[in-house]
Amino acid sequence: MLEIENLYSGYGELNVLKGVNISVGENEIVALIGPNGAGKSTVIRSVFNICDVRSGNVTFRGQDIGSLKTHEIIKLGISYLNQGRINFSNLTVRENLMIGADQIFEPDAVEEGLEKVYAKFPDLRLKEKELAYTLSGGQQQMLALGRSLMQQPSLLLMDEPSLGLSPMLQKELFKTIAGLRVEGISMLIVEQNAKKAIELADRTYLLEDGKVALLGGNEILENEAVKNVYLGGRY
Ligand SMILES: Nc1ncnc2c1ncn2[C@@H]1O[C@H](COP(=O)(O)OP(=O)(O)OP(=O)(O)O)[C@@H](O)[C@H]1O
Ligand SMILES: [Mg+2]
């Protein structure tokens with residue numbers, strides 16, 4: 001579905017990704033883990049062409065998306081959940097959800113999308129008219145995720161969705177993510193909780209210093225490097 005091939009990218013003079021290959025299949029959950037600064041967010045930004053992509057290919061369902069604009073990529077069915085649950089704090093919950101979607105879809109489809117998000121996150125319906133900054137941390141993450149879902153993606157790129165959530169809310173989030181897959185959404189998830197990510201995902205890529213250092217399924221939980229660095233240490 002998504003193929004990232006031999007990707008080199010960075011910011012100005014800084015080279016971050018040094019020949020990265022990552023693929024996400026239809027209906028797959030793929031996790032991307034690695035230390036701070038490894039380039040995880042840069043992988044997602046490269047797909048959206050919002051950093052300096054130097055070489056390599058990014059294709060979605062066989063189509064080269066390297067030169068497309070953000071709204072064109074969204075229209076193809078790829079959405080991006082930013083790191084740090086970014087919302088428009090002085091807009092209402094409803095306005096936050098409408099942003100992005102109303103530029104791209106017919107009014108009926110937007111209403112239908114809104115209804116689906118409210119059904120999934122009842123808190124957001126209750127707070128529909130409240131300003132986003134008044135929401136709790138967990139609700140703000142629901143709002144950010146809800147806004148991505150408004151774009152009716154078939155592929156969702158999530159950058160650290162569980163960051164800053166309590167263990168209980170993290171658990172709920174992972175349940176929600178598993179549910180999204182059942183609805184037919186494929187996902188690439190950057191996650192600081194390596195254990196949870198590996199357990200949730202079909203495959204996990206470990207990124208170190210701009211390169212894929214390891215790729216595997218649940219068995220990499222037993223990998224010494226993963227255990228030492230990620231399960232015992234920071235994670
Ligand atoms: N907008 C930017 N301009 C310049 N350098 C950047 C920018 N964003 C990130 N970098 C640099 O690129 C490198 C990779 O950053 P990136 O955000 O991809 O790492 P990450 O793996 O997502 O880390 P984290 O776990 O902290 O989120 C870092 O050295 C970072 O300082
Ligand atoms: Mg990051």
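Bear in mind the structure is a predicted one, so any value in this text is a computation, not a measurement.

Calculation rules
Residues numbered from 1 in each chain as written. Chains lettered and ligands numbered in written order. Predicted model: local features only at pLDDT ≥ 70, side-chain atom pairs only at ≥ 80, totals over all residues. Core = buried A, V, L, I, M, F, W, Y, C linked by C-beta atoms within 7 Å. Buried ≥ 20, exposed ≤ 12 C-beta atoms within 10 Å, placed from the backbone. Helix = DSSP H or I, 4+ residues; strand = E, 2+ residues; numbered from the N terminus. Domains from an automatic or database assignment. Contact = placed C-beta atoms within 7 Å. Nonpolar A, V, L, I, M, F, W, Y, C, P; charged D, E, K, R; others polar. Pairing = 2+ DSSP bridges. Axes fitted to C-alpha atoms, helices over the stretch in contact; angles between N-to-C directions. Near = placed C-beta within 6 Å. Left-handed = near helix turned anticlockwise from the far one by under 90°.

Points about the nonpolar core
Then step 1. Core analysis: the largest hydrophobic core is formed by 58 residues, its most contacted members being A31, L32, L157, M187 and I189.
Then step 2. In terms of residue count, the dominant contributor to this core is helix α7 (residues 137–150) (six residues).
Then step 3. Counting contributing residues, this core receives three or more from each of domain 1 (2–77 + 154–234) and domain 2 (86–152).
Then step 4. Those residues within four positions of M187 in sequence are excluded, and the remaining contacts are I29, L156, M158, I177, L180 and R181.

Overview of the environment of F48
Then step 1. In this structure, F48 sits in the loop between α1 (40–47) and β4 (52–60).
Then step 2. Taking the C-beta count within 10 Å as the criterion, F48 has 19 such neighbours and is therefore assigned partly exposed.
Then step 3. Sequence separation of F48 and L157 is 109 residues, and the distance between their C-alpha atoms is 9.8 Å.
Then step 4. Setting aside chain neighbours within four positions, we find F48 in contact with T70, I73 and Y80.

Looking at the domain arrangement of the protein
Then step 1. On domain assignment, one finds that the protein holds domain 1 (2–77 + 154–234) and domain 2 (86–152).
Then step 2. A straight line from the C-alpha centre of domain 1 to that of domain 2 covers 24 Å.
Then step 3. The interface of domain 1 with domain 2 comprises eight residues on the first partner and eight residues on the second.
Then step 4. A per-class count over the side of domain 1 that touches domain 2 returns five nonpolar, two polar and one charged.

As for the sheet that holds strand β9 (residues 203–208)
Then step 1. Read across the sheet, six strands follow the order β6-β7-β8-β3-β9-β10 without closing on themselves; strand pairing throughout is mixed. Whereas interior strands pair on both sides, the edge strands pair on one side only; in this sheet they are β6 (78–81) and β10 (211–216). Taking each pair of neighbouring strands and ignoring which way they run, the sheet shows an average axis angle of 15 degrees.
Then step 2. Sheet analysis places β9 next to β10, joined by five bridges and oriented antiparallel. The residue of β10 that forms the bridge with T204 is G216.

Description of the site of ligand 1
Then step 1. The environment of ligand 1 is made up of Y11, L14, V16, G34, N36, G37, A38, G39, K40, S41, T42 and Q83.
Then step 2. Within the residue set of the shell around ligand 1, elements represented by two or more residues are β2 (14–24) and α1.
Then step 3. Ranked by the residues each element gives to the shell around ligand 1, the list is headed by α1, at three residues.
Then step 4. Tallied by class, residues from the shell around ligand 1 come to four nonpolar, seven polar and one charged.

Here we look at the packing of helix α5 (residues 107–120) against α7
Think of two packed helices as two axes; the pair is described by the angle between the axes and how far apart they sit.
Then step 1. Interhelical geometry of α5 versus α7 gives an angle of 145 degrees and a closest axis separation of 9 Å. Between α5 and α7 lies a crossing whose hand is right-handed. Contact residues: α5 offers G113, L114 and V117, while α7 offers G146, L149 and M150.
Then step 2. Residues belonging to the contact of α5 with α7 are distributed by class as follows: four nonpolar, two polar and no charged.

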